[in-house]
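These are the residues of each chain, in order.
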Amino acid sequence: MRIYICATAIIIAGFLVHSNLMAQDVKYSERKADLMKYFTEFITWPHEENIDVFKIKVFGDQYFYKYLKYLYADIKIKGKVTEIEYVDSPEGVLDCEVLFIASVHEELVEEIFGVVKGKPILTVGDSAGYAQKGALFNFYHQNQKVLFEMNYNVYKESPLKINSRLLDVAKIIN
């Protein structure tokens, strides 16, 4: 009987920890998705008046891709229909307004940032050091919050225009 109670307690504890981690992942994904939408409200693309569809591409995180696809299904950005696409090669990262890059191999990260450098693409990273490597914005966690940093040098080389209110809330790095 004791073994049964101990085994049941271990299973329940494991389930609660797993459920808590899943809820935390959903919370973080929701916050990142909200921040990405927030970014678009304070950024101007040089070609935004000439596009019919606002494209967001996700590289390296199929879970977040599916979450964005579900969350943005009926949302318009800049008055445009929003299209979410998953890409798995550096060649596929162009032809979008926003590129979200999750944790991927170092060589791929460098290649991706090389491909998009100077292009009117908002790059949003989700891994430590991505802002230093070339992402315009990068998410990081602090005290169970999702925050973001901005690489000011990448911004200076970008044709994107960012409203100063967004700059005020970002952690600026060079």
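Quick notes on the overall build of the protein chain
Phase 1: A count of helices and strands for the protein chain gives six helices and 10 strands.
Phase 2: When the 174 residues of the protein chain are sorted by exposure, 41% land in the buried category.
Phase 3: Counting every atom, the protein chain has about 10000 Å² of accessible surface; 54% of that belongs to carbon and sulfur.

Some words on the environment of Ile 56
Phase 1: Looking at the element boundaries, Ile 56 is found in strand β2 (residues 53-59).
Phase 2: The spacing of Ile 56 and Glu 85 is 29 residues in sequence and 6.4 Å in space, taken between C-alpha atoms.
Phase 3: Setting aside residues up to four positions removed in sequence, Ile 56 forms contacts with Met 36, Leu 68, Tyr 72, Ile 77, Thr 82, Glu 83, Ile 84, Glu 85 and Val 98.

Considerations on the sheet that holds β2
Phase 1: If you walk across this open sheet you meet the eight strands as β3-β4-β2-β5-β6-β7-β8-β10, and the pairing is mixed. Strands with a single pairing partner mark the edges of an open sheet, and in this sheet they are β3 (76-77) and β10 (171-173).
Phase 2: Pairing geometry for strand β5 (residues 98-101) and strand β6 (residues 122-125), over four bridges, is parallel. The partner of Ile 101 across the bridge, within β6, is Gly 125.
Phase 3: Here helix α2 (residues 62-71) sits on the sheet and contacts β2, β4 (80-87) and β5; the angle it forms with β4, its principal contact strand, is near 165 degrees.
Phase 4: This element, helix α3 (residues 106-116), spans β2, β5 and β6 of the sheet and lies at about 170 degrees to β5.

A look at the packing of aromatic side chains
Phase 1: Counted under the stated rule, the structure contains 11 aromatic pairs.
Phase 2: Ring centres of Phe 39 and Phe 139 lie 6.1 Å apart, and the angle between their planes is 15 degrees; this geometry places the pair in the stacked category. Taken as a pair, Phe 39 in helix α1 (residues 2-41) and Phe 139 in strand β7 (residues 137-142) lie far apart in primary sequence, 100 residues in all. The same class applies to Phe 39 and to Phe 139, which are both buried.
Phase 3: Taking relative accessible area as the criterion, Phe 139 reaches 3% and is therefore assigned buried.
Phase 4: Three or more aromatic residues link up through ring pairs in this structure, and these residues are Phe 39, Phe 64, Phe 100, Phe 137, Phe 139 and Phe 148.
Phase 5: Taking the ring centre of Phe 64 as reference, the NZ or CZ of Lys 32 above it sits at 5.3 Å.
Phase 6: Positioned over the ring face of Tyr 140 is Lys 171, at 5.3 Å from the centre of the ring.

Cut-off values and rules
- Residues numbered from 1 in each chain as written.
- Predicted model: local features only at pLDDT ≥ 70, side-chain atom pairs only at ≥ 80, totals over all residues.
- Heavy atoms only, no water.
- Helix = DSSP H or I, 4+ residues; strand = E, 2+ residues; numbered from the N terminus.
- Buried < 20%, exposed > 50% of the residue type's maximum accessible area, 1.4 Å probe, protein only.
- Areas by Shrake-Rupley, 256 points an atom, 1.4 Å probe, with all protein chains shown as cover.
- Contact = heavy atoms within 4.5 Å.
- Pairing = 2+ DSSP bridges.
- Axes fitted to C-alpha atoms, helices over the stretch in contact; angles between N-to-C directions.
- Phe/Tyr/Trp six-rings, centres within 6.5 Å; stacked < 30°, edge-to-face > 60°.
- Lys NZ or Arg CZ within 6 Å of the ring centre and 35° of its normal.

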